[in-house]
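# Structural overview
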Amino acid sequence: MLNYQSILSEIESEVNYLKGVGNVAAYIPELANVSQDHFGISLILLNGENHNVGQTHQKFSIQSISKVFSLALAFSIQGEKLWRRVGVEPSGNPFNSIVQLEYEKGIPRNPFVNAGALVTADILVSSYDHPKKEFLEFVRSFCGDNSIDFNEKVAQSEFDCGWKNAALANMLKSHGNLKNTIDEVLDFYVHQCSIEMTCLQLAQSFLPFANQNCEINGEVVLTKSELKRINAIMLSCGFYDESGEFAFSVGLPGKSGVGGGIAAIHPLHYAVATWSPRLNEKGNSVIGMKALELLTTKTGISIF
Ligand code: DON
């Protein structure tokens, strides 16, 4: 039997040397208001047993990790039709790059680059009278916690400064791959990114992906095959132009966010979430990446 609690404690002390490395995201000004050297890690086994070390009860902005939930909801609504509007290939480019979108005529490489997430946001805006409310309910039910909420200040801060996302939305619109107005889609997108969770809540909300079973109120929301596909996209695209590195050094499907969070799963074993706000140049948490590498090294288990 693995002693996860002591493994997580070892990890906490072994990542200490990285404190102070990297920078917090400041291109969304409100995100810079964070204690830069926090670290937390929560791991939940399929039976609900959880292990926590560090700042695991402090909320942070999940940012791009929300793209997993928006993909899940859009996929559950659209089924295979979704893949007519967004691809499933790694981009090899930064998360907010626009060049590939122009070459590829408005079809984003995958649902996790910003352009792809704007398309899934557009689908959700089209699908509901109150899309933000419905999305929040969906995320709350994944987490089993009704206290999950948007951070309006963070959403507004990104809306006010999100010039690249506005450019991507305009490019998508020019290719006919956004049905709603640019402002409606951006408003939804900045809200989904502004959702706050603790490490423990984030790990909890990734359990359905680890469990390969996603039922809400007794109803199957995503089939086993749909969950497999989302996990595959997490593995190949979850860290943008560092997805290969994450698969190489960690070996788990996962998703990062510029708030410094990373969620990852070991199918049929556990879900894990880390938070440490300083990012590397690719926009991924420096300490989070190292902590997860140590986790799969120390446990000796990954998907490979
Ligand atoms: O669109 C943005 O730039 C942010 N709301 C989210 C980017 C993000 O989290 C990238 N992930 N590492």
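Attention here is on the structure that accompanies the text. (Residues numbered from 1 in each chain as written. Predicted model: local features only at pLDDT ≥ 70, side-chain atom pairs only at ≥ 80, totals over all residues. Heavy atoms only, no water.)

This part covers the packing of aromatic side chains. Within this structure, the stated rule accounts for twelve aromatic pairs. Their ring planes at 50° and their centres at 5.4 Å tell us that phenylalanine 95 and tyrosine 240 sit as a pair that is tilted. With phenylalanine 95 in the loop between helix H2 (66–78) and helix H3 (99–103) and tyrosine 240 in the loop between helix H10 (224–237) and helix H11 (243–249), this pair connects stretches of sequence that are 145 residues apart. The exposure classification of phenylalanine 95 matches that of tyrosine 240, with both residues buried. Counting every residue linked through ring pairs, the aromatic cluster contains Phe69, Phe138, Phe142, Phe206 and Phe209. The lysine or arginine in question, lysine 255, covers the ring of phenylalanine 112, its NZ or CZ lying 5.7 Å from the ring centre. (Phe/Tyr/Trp six-rings, centres within 6.5 Å; stacked < 30°, edge-to-face > 60°. Helix = DSSP H or I, 4+ residues; strand = E, 2+ residues; numbered from the N terminus. Buried < 20%, exposed > 50% of the residue type's maximum accessible area, 1.4 Å probe, protein only. Lys NZ or Arg CZ within 6 Å of the ring centre and 35° of its normal.)

Glancing now at the pattern of salt bridges. Applying the stated criterion across every chain, the model contains eleven salt bridges. Glutamate 10 is the partner of lysine 298 in a salt bridge, and the nearest nitrogen-oxygen pair spans 2.8 Å. Of this pair, lysine 298 sits in helix H12 (residues 286–299) while glutamate 10 sits in helix H1 (residues 4–14), placing them 288 residues apart in sequence. Taking the shortest distance from any N to any O, the salt bridge between arginine 140 and glutamate 137 comes out at 3.3 Å. With arginine 140 and glutamate 137 both in helix H5 (residues 131–143) and three residues apart, the pair spans about one turn of that helix. (Salt bridge = Lys/Arg side-chain N within 4 Å of Asp/Glu carboxyl O.)

Turning to the site of the ligand, a few remarks are in order. In the vicinity of the ligand there are 16 residues, among which Tyr27, Gln63, Ser64, Glu158 and Tyr189 approach most closely. Take tyrosine 27: an N or O atom from its side chain is 2.5 Å from an oxygen atom of the ligand. For the ligand, a nitrogen atom lies 2.6 Å from a polar atom in the side chain of glutamine 63. Burial of the ligand by the surrounding chains reaches 100%, relative to a free accessible area of 340 Å². Among the residues forming the shell around the ligand, the class breakdown is seven nonpolar, eight polar and one charged. (Near = heavy atom within 4 Å. Polar contact = N/O pair within 3.5 Å; in protein donor to acceptor, adjacent residues only side chain to side chain. Areas by Shrake-Rupley, 256 points an atom, 1.4 Å probe, with all protein chains shown as cover. Nonpolar A, V, L, I, M, F, W, Y, C, P; charged D, E, K, R; others polar.)

Think of a sheet as strands paired side by side through backbone hydrogen bonds, with each pair either parallel or antiparallel. The sheet built from five strands is open, its strands ordered E2-E1-E9-E8-E7 with antiparallel pairing. Whereas interior strands pair on both sides, the edge strands pair on one side only; in this sheet they are strand E2 (50–54) and strand E7 (254–256). With strand direction ignored, the average angle separating the axes of adjacent strands in the sheet is 10°. Looking at chain direction, strand E1 (residues 40–45) and strand E9 (residues 270–275) are connected through six bridges and run antiparallel. Opposite glycine 40, over in E9, you have tryptophan 275 as the bridge partner. Those strands touched by H1 are E1, E2 and E9, and its axis lies near 20° from that of E2. (Pairing = 2+ DSSP bridges. Axes fitted to C-alpha atoms, helices over the stretch in contact; angles between N-to-C directions. Contact = heavy atoms within 4.5 Å.)

Between its first and last C-alpha atoms helix H9 (residues 199–211) spans 18 Å; for 13 residues at 1.5 Å apiece the expected length is 18 Å, and the two agree. Its axis deflected by about 30° at serine 205, H9 carries its strongest bend there, up to four residues before the proline proline 208. The element H9 is largely enclosed, with a buried count of ten among its 13 residues. Of the positions making up H9, those classed as buried are Cys199, Gln201, Leu202, Ala203, Ser205, Phe206, Leu207, Pro208, Phe209 and Ala210. (Expected span 1.5 Å × (residues − 1). Bend = angle between axes of the 7 residues up to and from the residue.)

By the criterion of burial, strand E8 (residues 261–266) is predominantly enclosed, with six of the six residues buried. Judged by which residues are buried, E8 turns out to be covered on both faces: Gly261, Ala263 and Ile265 on one side and Ile262, Ala264 and His266 on the other are all buried. In this structure, the hairpin formed by E7 and E8 is closed by a connection of four residues, where glycine 260 is found at a positive phi of approximately 95°. Where E8 and E9 come together, six bridges link them in antiparallel fashion. Each bridged residue has a counterpart across the sheet, and for glycine 261 the counterpart in E9 is tryptophan 275. Remark: three residues form the turn of the hairpin made by E8 and E9, two consecutive strands paired antiparallel; leucine 268 in that turn has positive phi of roughly 65°.

Next up on the list: the nonpolar core. By size, the foremost hydrophobic cluster in this structure holds 68 residues, and its most contacted members are Phe206 and Phe209. Broken down by element, this core gets its largest block of residues, eight residues, from helix H4 (residues 114–127). Discounting chain neighbours no more than four positions away, the residues touching phenylalanine 209 are Val68, Phe69, Ala72, Phe142, Leu227, Ile230, Asn231, Met234 and Ile265. Counting 26 residues, the second largest nonpolar core, distinct from the first, contains Ile41, Val53, Ile287 and Leu295. (Core = buried A, V, L, I, M, F, W, Y, C linked by side-chain atoms within 4.5 Å.)

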